[in-house]
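Here is what each chain is made of, one letter per residue.
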Amino acid sequence: MNAFLSWLLDLLFPPKCMLCGKLMPDAATMVCEKCGYDLPEWEGVPRKIKGYDACSAPFFYEEPIRSAILRFKFHGMQSYAKQFAVWMASRAGEELKEKYDLVTWVPCSRRRRWERGFDQSELLARALARELGAEVCPLLQKHRHNRKQSKIKGAARRRANVQGVYRPLAPGEIRNRRILVVDDIVTTGATMEECGKVLLLHGASQLVCAAIAIARSDQKK
């Protein structure tokens, strides 16, 4: 992109903070100084998800991160993936160090991908892999469309909703691999558990996972 075109785009679509909407001096910075100091950092007890050795997330699923994730996921703000990945890498780079050699993601169904125009977890996984300098590969396929997990209350019902909806896309890439599985949000952990079950069944040697945000215990209901 030449300098004039970049200037013209900034003039027509001035860069804004992805959290509060404040105008920014340049497009290279996605978060204003105030928002950067006011983030719901996850400092809780490490989250245990069945089948995984560790789970990493930089934030609790609270404002202003919650609204930014919803804009990213449902309103086409694909550019947010880069900044989310930077935040995720700042935690995962240390917490998951030497526990994976391949990055993959929790896939959405064909119908959801068509509705949104993209798979948000794939964007995150690819951006995170770039930040971590890791290999990334699609390993899972969601072959059955189900109800949105966000519309279902209770861990047991969420587990039932995702049971059997994933299958291996590349079984040969799974065996004896240590895999980092990426999703946008971890609430009850039901979706991650179901994906982990498929990966372990097909020979994965170790699993860890990462997300942008994780729910507090009172948000999982």
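All residue numbers refer to position in the chain's written sequence, counted from 1. In keeping with the predicted nature of the model, local features appear solely for residues at pLDDT of at least 70, side-chain atom pairs appear and are counted solely at 80 or more, and the whole-chain, interface and lining totals rest on all residues. The basis for every side-chain value is the complete set of heavy atoms in the structure, and neither hydrogens nor water enter the calculation.

In the annotation of an unreviewed UniProt entry, the entry for the protein reads ComF family protein, and the organism field reads Candidatus Avoscillospira stercoripullorum. UniProt positions are given in the numbering used here, feature names are shortened, and annotations may be inferred rather than shown by experiment. Taken directly from UniProt, the Sequence similarities (unreviewed entry) text for the protein runs: "Belongs to the ComF/GntX family."

Some remarks on the sheet that holds strand S2 (residues 59-60)
Pairing in this open sheet of three strands is parallel, and the strands run S2-S9-S7 from one edge to the other. A strand with exactly one partner marks an edge of an open sheet, and here the two such strands are S2 and strand S7 (185-186). Here the rule is simple: two strands pair whenever DSSP picks up at least two bridges between them. By the criteria applied, helices consist of DSSP H or I runs no shorter than four residues and strands consist of E runs no shorter than two, each listed in order from the N terminus. As defined by bridge partners, S7 adjoins strand S9 (residues 213-214) across two bridges and the pair is classed as parallel. Paired with Val186 across the two strands is Ile214, which belongs to S9.

What about the packing of helix H3 (residues 65-74) against helix H4 (residues 80-95)?
Between H3 and H4, the least distance of the axes is 10 Å, while the angle of their chain directions is 135 degrees. Taken as axis vectors, H3 and H4 run oblique relative to one another. The two elements H3 and H4 meet at a crossing, and its hand is left-handed. Residue-level inspection shows Ile65, Ala68, Ile69, Arg71 and Phe72 of H3 in contact with H4, the latter providing Tyr80, Ala81, Phe84 and Trp87. For this classification, Asp, Glu, Lys and Arg are treated as charged, while Ala, Val, Leu, Ile, Met, Phe, Trp, Tyr, Cys and Pro are nonpolar and the rest, including Gly, are polar. Its residues placed into classes, the contact of H3 with H4 shows eight nonpolar, no polar and one charged. Lines are fitted to the C-alpha atoms to define the axes, a helix being fitted only along its stretch in contact, and any angle between axes, read from their N-to-C directions, falls within 0 to 180 degrees. Angle categories: roughly parallel below 35 degrees, roughly antiparallel above 145, roughly perpendicular from 65 to 115, and oblique for all the rest. When the near helix sits turned anticlockwise from the far one by under a right angle, the crossing is termed left-handed; a clockwise turn instead gives a right-handed crossing. The contact criterion used is simple: two residues touch if any of their non-hydrogen atoms lie within 4.5 Å.

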